[in-house]
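# Topology and contacts: notes
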Amino acid sequence: HARISPYHPHPHVARYNMKKHGKPGMKGVPRWRAMKEARRITSLPSMGAAPVLSDDVESALMIKIADQARQGTPYTVAECKSILRELCIKYDVRISKTNSPYSETTNVDGLWAAFRERSKQKGVPIAVRNGIALSEARASSANVETVLTYRDSKLRPALVRFQDKHGNVSLAHVGNFDECALDLNDYVHQDFAVIDDSSQAHVITKYERAPHITVLLGYLGDTTLDPIVIRMGKSAPSSAHLVLTRGNKPSVHLASNETGWMTIATKAAAFNIWRKSPDNDLGKVPVVMNADGHNSNTLNVELCEEAYEHNCLLPITPAHLTAQGLQQLDLKDGLINRFKTRLKTLLAKQMAGTLRQEGKGELKLSVILRLLQMALAEVHDPEKNIRDNEKVGYFINPLTGALDFNPMVTLNEAFVQKSTLFDPKPVDYENGLTRRSIQAEIKQNLEAERARMCARLKELDTTLSWIEEKPVQDVPTQAPIRNNRSVNADGVIISSPSYIKDLQDNAAAKLAAEEKVHQAKLDKVAKAIAKWGPKWRKAEEKLAAGTSPSKLSVSEMNAMIRRKTGNATKAKNNKDGAMLTELRGVLTNINMLLTPKK
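Procedures and definitions
Residues numbered from 1 in each chain as written. Predicted model: local features only at pLDDT ≥ 70, side-chain atom pairs only at ≥ 80, totals over all residues. Heavy atoms only, no water. Helix = DSSP H or I, 4+ residues; strand = E, 2+ residues; numbered from the N terminus. Buried < 20%, exposed > 50% of the residue type's maximum accessible area, 1.4 Å probe, protein only. Contact = heavy atoms within 4.5 Å. Areas by Shrake-Rupley, 256 points an atom, 1.4 Å probe, with all protein chains shown as cover. Axes fitted to C-alpha atoms, helices over the stretch in contact; angles between N-to-C directions. Parallel < 35°, antiparallel > 145°, perpendicular 65-115°, else oblique. Left-handed = near helix turned anticlockwise from the far one by under 90°. Nonpolar A, V, L, I, M, F, W, Y, C, P; charged D, E, K, R; others polar. Core = buried A, V, L, I, M, F, W, Y, C linked by side-chain atoms within 4.5 Å. Polar contact = N/O pair within 3.5 Å; in protein donor to acceptor, adjacent residues only side chain to side chain. Salt bridge = Lys/Arg side-chain N within 4 Å of Asp/Glu carboxyl O. Phe/Tyr/Trp six-rings, centres within 6.5 Å; stacked < 30°, edge-to-face > 60°.

### Comments concerning the overall build of the protein chain
A tally of regular secondary structure across the protein chain gives 19 helices and 11 strands. The buried share of the protein chain, reckoned over its 598 residues, is 38%. For the protein chain, restricting intrachain contacts to residue pairs at least 6 apart in sequence, the fraction spanning at least 24 positions comes to 70%. For the protein chain, the accessible area works out to roughly 36,100 Å², and carbon and sulfur atoms hold 53% of it.

As structure tokens, then:
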């Protein structure tokens with residue numbers, strides 16, 4: 001007999017198939033008949049091991065796993081295996097090879113693999129993938145209606161008004177700016193060549209915890225804007241830190257504050273630096289600059305006024321959607337991603353070089369700023385800048401020749417998938433932005449499987465109710481009251497006169513409220529002086545004359561404590577010498593009081 005290979009058909013099967021292709025051979029017959037006669041195959045092989053649980057129980061578990069994944073809280077593989085093991089124990093299932101019952105230590109890897117294979121046959125395929133973090137705020141905001149509202153009610157009308165006034169804007173005059181934090185130890189998180197001796201790949205860093213540094217990056221058309229670096233420090237930055245960056249492009253500007261984060265004043269100053277720079281068109285021609293909803297943008301009166309006066313349209317994208325494809329710098333291959341990737345390599349080379357030459361890693365701020373400048377210069381790509389403008393939805397309308405906006409054509413499809421986590425109702429997406437056909441088929445199969453077993457669903461829910469997990473810690477009943485409505489929930493144009501007026505009115509109202517509070521404090525102080533002033537003056541005279549504090553009256557003690565601390569007394573009276581003890585502590589100005597001797 002000829003050898004039968006699993007990769008090639010039996011010779012007899014090949015002879016049966018020759019006639020079909022116009023070659024000499026036997027008269028064509030159905031393939032199943034050839035397989036039956038030539039290879040004696042009478043049935044199709046099963047997919048994996050045979051099911052050990054009932055079909056309904058497995059279906060219920062598949063639906064449960066699918067529902068949890070759609071809600072954004074998928075089971076881990078260990079949890080799924082544990083559930084299968086517990087079900088086998090619950091229904092007294094026996095291991096086929098040994099006829100022994102399942103226990104807490106039984107390996108169920110094969111059972112899990114077969115379970116996944118059968119899930120594919122039922123149209124609810126279960127896959128194993130690495131998780132991707134997704135905040136609840138971002139997931140709940142990721143809906144197409146928000147993007148459509150931003151496009152139709154905010155940005156498109158603003159673009160029409162702006163270009164009617166200033167003329168058409170090209171893609172070369174569209175840009176974006178955003179800040180990002182730098183981790184000077186991040187370069188250790190990459191692949192290194194080490195000896196396989198079971199030890200870890202230790203990489204020396206200068207810092208145990210990298211100092212906080214914020215970088216404000218941006219571009220306008222084919223031009224990269226000068227980076228603004230913010231370091232943590234109370235003192236003003238020294239010009240010596242920029243000695244290595246002089247004469248190179250782009251120019252690096254250094255700022256400092258107590259937190260190292262972006263502030264309103266720093267953002268306004270950065271915009272003015274860009275506007276006055278001869279290396280870009282900001283302030284020279286009408287431009288459109290995307291930005292996110294950071295407070296340094298939305299609450300920055302000076303920034304909004306400067307943008308309006310110098311013909312810069314500043315649209316703020318809807319909250320929590322910048323990384324979904326509405327902010328150029330936040331894209332997967334955007335400027336920030338390219339910059340950080342290149343800087344990581346430069347930092348690793350610099351650190352290794354200083355260790356080899358000097359025996360110690362020395363990364364001065366001037367060196368870090370130069371590496372930052374080099375990384376930004378190397379990743380500058382005018383073509384990618386224009387590409388990213390188009391990716392987020394900007395395009396030139398062929399009918400009008402004007403700049404237009406429609407992110408629905410190029411928006412990341414993952415955005416649509418995430419939008420179903422908290423709002424699974426079907427949405428009529430426009431411009432071809434729909435779920436993939438395979439996802440629609442999976443959903444259809446899932447609903448069909450659910451309908452098939454609806455008669456037993458209640459019973460099965462009871463059977464599998466123990467799968468439901470509770471949080472590790474109960475949520476407290478008392479919670480702070482917060483206003484969760486963001487000013488840019490649906491996007492906003494912060495360079496518009498109406499928005500600037502609202503900011504100015506809010507600032508004036510806030511200042512009036514602060515002055516009112518301050519005046520109330522002054523009135524309270526004046527009232528206290530009028531009431532307690534004569535008493536503490538009398539007490540001071542007695543103490544200056546050598547009188548012991550214990551000889552003062554209770555009202556004089558009270559007045560003296562208020563005089564020294566500015567606050568009311570902690571002791572309500574002088575019972576057991578409580579107020580006297582407090583007065584002595586105030587007079588001696590110590591942080592620890594000893595029990596007075598009788």
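Now that the structure has been shown, we can carry on.
### Concerning the packing of helix H3 (residues 55–70) against helix H4 (residues 77–90)
As a packed pair, H3 and H4 sit with axes 12 Å apart at the nearest point and diverge in direction by 160°. By the angle between their axes, H3 is roughly antiparallel relative to H4. Between H3 and H4 lies a crossing of right-handed hand. Residues Val57, Leu61 and Ile65 of H3 touch H4, and the partners they reach there are Cys80, Ile83, Leu84 and Leu87. For the contact of H3 with H4, the residue count by class is 7 nonpolar, no polar and no charged.

### Concerning the side chain of Ser277
Mapped onto the elements, Ser277 comes out in the loop between helix H8 (264–276) and strand S6 (287–290). Accessibility expressed as a relative area gives 8% for Ser277, which makes it buried. If we skip the residues at most four places from it in the chain, Ser277 touches Asp226 and Lys284.

### Here we look at the nonpolar core
Of all hydrophobic cores here, the largest spans 29 residues; its most connected members are Val215, Leu217, Val229 and Phe339. Those elements that place two or more of their residues in this core are strand S1 (174–182), strand S2 (213–220), helix H11 (335–358) and helix H12 (365–379). Ranked by residue count, the leading element in this core is H12, at 9 residues. In this structure, Val229 is in contact with Ile213, Thr214, Val215, Val252, His253, Leu254, Ala255, Leu369 and Leu372, ignoring residues within four places of it in sequence. Core analysis: the next-biggest nonpolar cluster, separate from the first, contains 26 residues, Leu220, Ile228, Val492 and Tyr499 among them.

### Some remarks on the environment of Asp404
Checked against the element boundaries, Asp404 lands in strand S10 (residues 403–405). Distance from Asp404 to Pro157, taken between C-alpha atoms, is 9.7 Å for residues 247 residues apart in sequence. Here Asp404 is in contact with Arg156, Leu159, Gly393, Tyr394, Phe395 and Asn397, once residues within four sequence places are set aside. At 3.2 Å, the side chain of Asp404 forms a polar contact with the side chain of Asn397.

### Digging into the side chain of Asn397
Considering the arrangement of structural elements, one finds Asn397 in the loop between strand S9 (394–396) and S10. Asn397 gets classed as buried once you look at its relative accessible area, which sits at 16%. A polar contact is formed between the side chain of Asn397 and the backbone nitrogen of Leu399, at a distance of 2.9 Å. Residues within four places of Asn397 in sequence aside, it is in contact with Ala402 and Asp404.

### Focus: the pattern of salt bridges
Per the stated rule, a full pass over the model turns up 16 salt bridges. Lys120 is the partner of Glu117 in a salt bridge, and the nearest nitrogen-oxygen pair spans 4.0 Å. Placement of both Glu117 and Lys120 in helix H5 (residues 109–121) is noted, with a separation of 3 residues, approximately one turn of the helix. Note that Asp279 and Lys249 form a salt bridge whose closest N and O atoms lie 3.0 Å from each other. Taken as a pair, Asp279 in the loop between H8 and S6 and Lys249 in the loop between strand S4 (228–232) and strand S5 (253–257) lie far apart in primary sequence, 30 residues in all.

### Some remarks on the packing of aromatic side chains
Applying the stated rule across the entire model yields 4 aromatic pairs. Pairing Tyr150 with Phe405 gives two aromatic rings, centres 5.7 Å apart and planes at 80°, and the pair type is edge-to-face. Taken as a pair, Tyr150 in helix H7 (residues 144–166) and Phe405 in strand S10 lie far apart in primary sequence, 255 residues in all. Measuring from centroid to centroid gives 5.1 Å for Tyr394 and Phe405, while their planes differ by 55°, and the two rings are tilted. Pair noted here: Tyr394 is in strand S9 and Phe405 is in strand S10, with a separation of 11 residues, a long-range link. Relative accessible area serves as the criterion here: at 1%, Tyr394 is assigned to the buried category. The class for Phe405 is buried, based on a relative accessible area of 2%. The structure contains a cluster of three or more aromatic residues connected by ring pairs, namely Tyr150, Tyr394 and Phe405.

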